[in-house]
Every structure is written in C-alpha cells, then in structure tokens.
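A structural walkthrough
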Amino acid sequence: MSATAVVTGASSGIGAATARGLAEQGYDVVLVARRADRIEALAKELAGEGRSARAHVLDVTDRAAVDAFADSLTSCEVLVNNAGGAIGTETVAEGDPADWRAMYEVNVIGVLNMTQALLPKLIASGDGTVLVVSSTAGHTAYEGGGGYVAAKHGAHSMAATLRLELCGEPVRVLEIAPGMVRTEEFALNRMRGDSGAADAVYAGVPDPLSAEDVADTIVWAVTRPPHVNIDLLVVRPRAQAAQHKVHRVQRGES
C-alpha cells in the first residue's frame, strides 16, 4: 500500500503544488482545504494522471472536524501543515485584534489541531513526518508584519518544541521557511483583494519564488531517507537577500 500524505491548504498555491509533487512520488495524497470545488477538481486531475488522491473538505481551526477527519484515516505517514495566510500590513499600533486572532488561529492553532489529531497514526506508522510550512517572517520581524510575524514565530516555535519532545519516536519534524513567493492568492488576500497593492509587493523583483519552487523543496525534504531530518530549510529567491533587502529592477534597467 502507498504511504498516505495529508496536505492542508491544498486548494491553491504551495499546497496544491505540494499535493501534485507528492502524488507524483507515489503517495496516496489526501487534499485538505475549505473549498470543495478546488480540491475535488485537483483530486480528479491527479486521478486522471493515474495518481492516488482524494479530497476532504476541512477547516483546520475546527477541532471537532479535525478529530473526525483523523479518525476517518486508516493510516498516515506524512502531514504537511501548509494552511495559513496573512491579513493586512498595518502597524502593531493600528492592527485589528480580530485580524491577529484569525492569523493565529490558522497559522498556529490549525497546525496544532492537525498535528495532535494525526500524531498517534504518524507514530504508529513507524516512519512518520510532520512538516510545517512556516515563513522567513517566523525568523525575522519586519515593519507591517505584525500579526503574521507573531503567528509564524509561533509555528516555528511549535516545530522546534515538537522535535525535542518527539526525540526517540519514529517521527521527523521538518520546517520549510519560504521567503518571497508569488502565488495567485497570498498577497491578494493579505491586501484584502486590492490587486494593485498585491502586484506592488513583487514589482521589479526578478523571479520571485513560485509555488512549484517551494513544493519541490517540500517534496525533497519529505523524501529524504528516514534517518535524515531537515530541521529547518530557508528558501528565498536570489533577489531577496533578507526581509528588508530585495533587489528590484527599475524601468529601463536591463
């Protein structure tokens, strides 16, 4: 039987690309997200290619639903905690606590819910992998980051703590921290649907990372030999040396 890999936030972007990559590696992929139409279409697409994939509509912040989902699985070898997102670019002084709470719920509590619910099956597999998709925001603060920086620091801390607590168990805990990634929805959602503001994030940046770039990194980390643990891998585009240092090509510059 194929090993089962659960991918959250699989309806678009990094999650969808990761699901495709793991399915290509022979995993039985369970696509988890709130948007049924998206994940069902992706599951159908992968099945049409001869891959093993199934969709499960789920809000990772709903603990009762997460527990029911975990109970429905016979086994689980890989959990990719990818569901997350950012809301707004307000300063700490001006940030809306509701936005902070929403970001914390999905980026931290969602990861906690999925990990706690599936951990018994991951341990029982004898070769489990928990992967947390965090962000460089979880390692370096920046102005306007506010609640997103706080939430991703939480996700990073959870991965580090879990790794210590599971030492001796047959489960790896991996963290992939992407820098600037251009996907169809991340910046647009962060800018509350303002496409102009979303486009400005990437203006002049030569080749920001794509969802496929990050997914390729995730799949590589997951498919290392069982004794190899990729504790933390930071991946950025060449144009981004740090959160505050990004090369942008000016008009007329070749």
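Quick summary incoming for the structure in this document. Keep in mind that this is a model prediction, so the values were computed, not measured.

Analysis parameters
Residues numbered from 1 in each chain as written. Predicted model: local features only at pLDDT ≥ 70, side-chain atom pairs only at ≥ 80, totals over all residues. Heavy atoms only, no water. Helix = DSSP H or I, 4+ residues; strand = E, 2+ residues; numbered from the N terminus. Buried < 20%, exposed > 50% of the residue type's maximum accessible area, 1.4 Å probe, protein only. Contact = heavy atoms within 4.5 Å. Salt bridge = Lys/Arg side-chain N within 4 Å of Asp/Glu carboxyl O. Core = buried A, V, L, I, M, F, W, Y, C linked by side-chain atoms within 4.5 Å. Patch = residues over 30% accessible without salt bridge, like charges linked within 9 Å, V, L, I, M, F, W, Y side chains within 5 Å. Areas by Shrake-Rupley, 256 points an atom, 1.4 Å probe, with all protein chains shown as cover. Lys, Arg positive; Asp, Glu negative; His and termini not counted. Charge placed at Lys NZ, Arg CZ, Asp CG, Glu CD. Axes fitted to C-alpha atoms, helices over the stretch in contact; angles between N-to-C directions. Parallel < 35°, antiparallel > 145°, perpendicular 65-115°, else oblique. Left-handed = near helix turned anticlockwise from the far one by under 90°. Nonpolar A, V, L, I, M, F, W, Y, C, P; charged D, E, K, R; others polar.

This part takes up the side chain of S134. Mapped onto the fold, S134 is located in the loop between β5 (128–133) and α5 (146–165). Accessibility expressed as a relative area gives 4% for S134, which makes it buried. Discounting residues that sit within four places of it in the chain, S134 has contacts with H139, K152, E175, I176, A177 and P178.

Taken as a whole and assessed by the stated rule, the structure comprises nine salt bridges. Between R54 and D28 there is a salt bridge whose closest N-O contact spans 2.8 Å. Remark: D28 occurs in strand β2 (residues 28–33) and R54 occurs in strand β3 (residues 52–57); sequence separation between them is 26 residues. Of the residues examined, R54 reaches a relative accessible area of 36% and is grouped as partly exposed. For R35, the salt bridge identified is with E185, shortest N-O distance 2.8 Å. Of this pair, R35 sits in the loop between β2 and α2 (36–48) while E185 is found in the loop between β6 (171–178) and α6 (186–190), placing the two residues 150 residues apart along the sequence. In this structure E185 comes out as buried when scored by relative accessible area, which is 17%. Each of R35, R38 and E185 takes part in a single network of salt bridges with overlapping partners.

Checked against the element boundaries, A83 lands in the loop between β4 (78–81) and α4 (97–124). A relative accessible area of 16% means that A83 is categorised as buried. A C-alpha to C-alpha distance of 23 Å links A83 and R224, two positions 141 residues apart in sequence. Beyond its immediate sequence surroundings of up to four residues, A83 is in contact with T8, G9, V60, V106 and N107.

The biggest cluster of nonpolar side chains holds 35 residues, and the ones touching the most others in it are L22, V29, L31, V80, L131 and I218. Put simply, the parts of the chain that give this core at least two residues each are β1 (4–8), α1 (13–24), β2, α2, β4, β5, β6 and α8 (211–222). Leave out the neighbours within four places in its chain, and V29 touches A5, V7, A19, L22, A23, S52, A53 and R54. By size, the runner-up hydrophobic cluster in this structure holds 34 residues, among which are V108, L119, M158 and L162.

With that settled, consider unusual backbone geometry. Although it is not a glycine, R192 sits at a positive phi angle of roughly 60°. Structurally, R192 can be placed in the loop between α6 and α7 (195–201). Here R192 falls in the partly exposed class, since its relative accessible area comes to 47%. At D207, a residue that is not glycine, the phi angle is positive and equals roughly 55°.

With that settled, consider a negative patch on the surface. A cluster of like negative charges, contributed by D207, E212, D213 and D216, occupies part of the molecular surface. With respect to the helices and strands, D207 occurs in the loop between α7 and α8. Looking at D207, the relative accessible area reads 66%, which means it is exposed.

Another aspect to go through is the packing of α1 against α8. Think of two packed helices as two axes; the pair is described by the angle between the axes and how far apart they sit. Where α1 meets α8, the axes come as close as 8 Å, and the angle between the chain directions of the two elements is 45°. As far as their axial angle goes, α8 and α1 are oblique. When the axes of α1 and α8 are compared, the crossing they make is right-handed. Touching G13, I14, A17, T18, G21 and L22 of α1 are A211, E212, V214, A215, I218, V219 and V222, all from α8. A breakdown of the residues in the contact of α1 with α8 according to their chemical character gives nine nonpolar, three polar and one charged.

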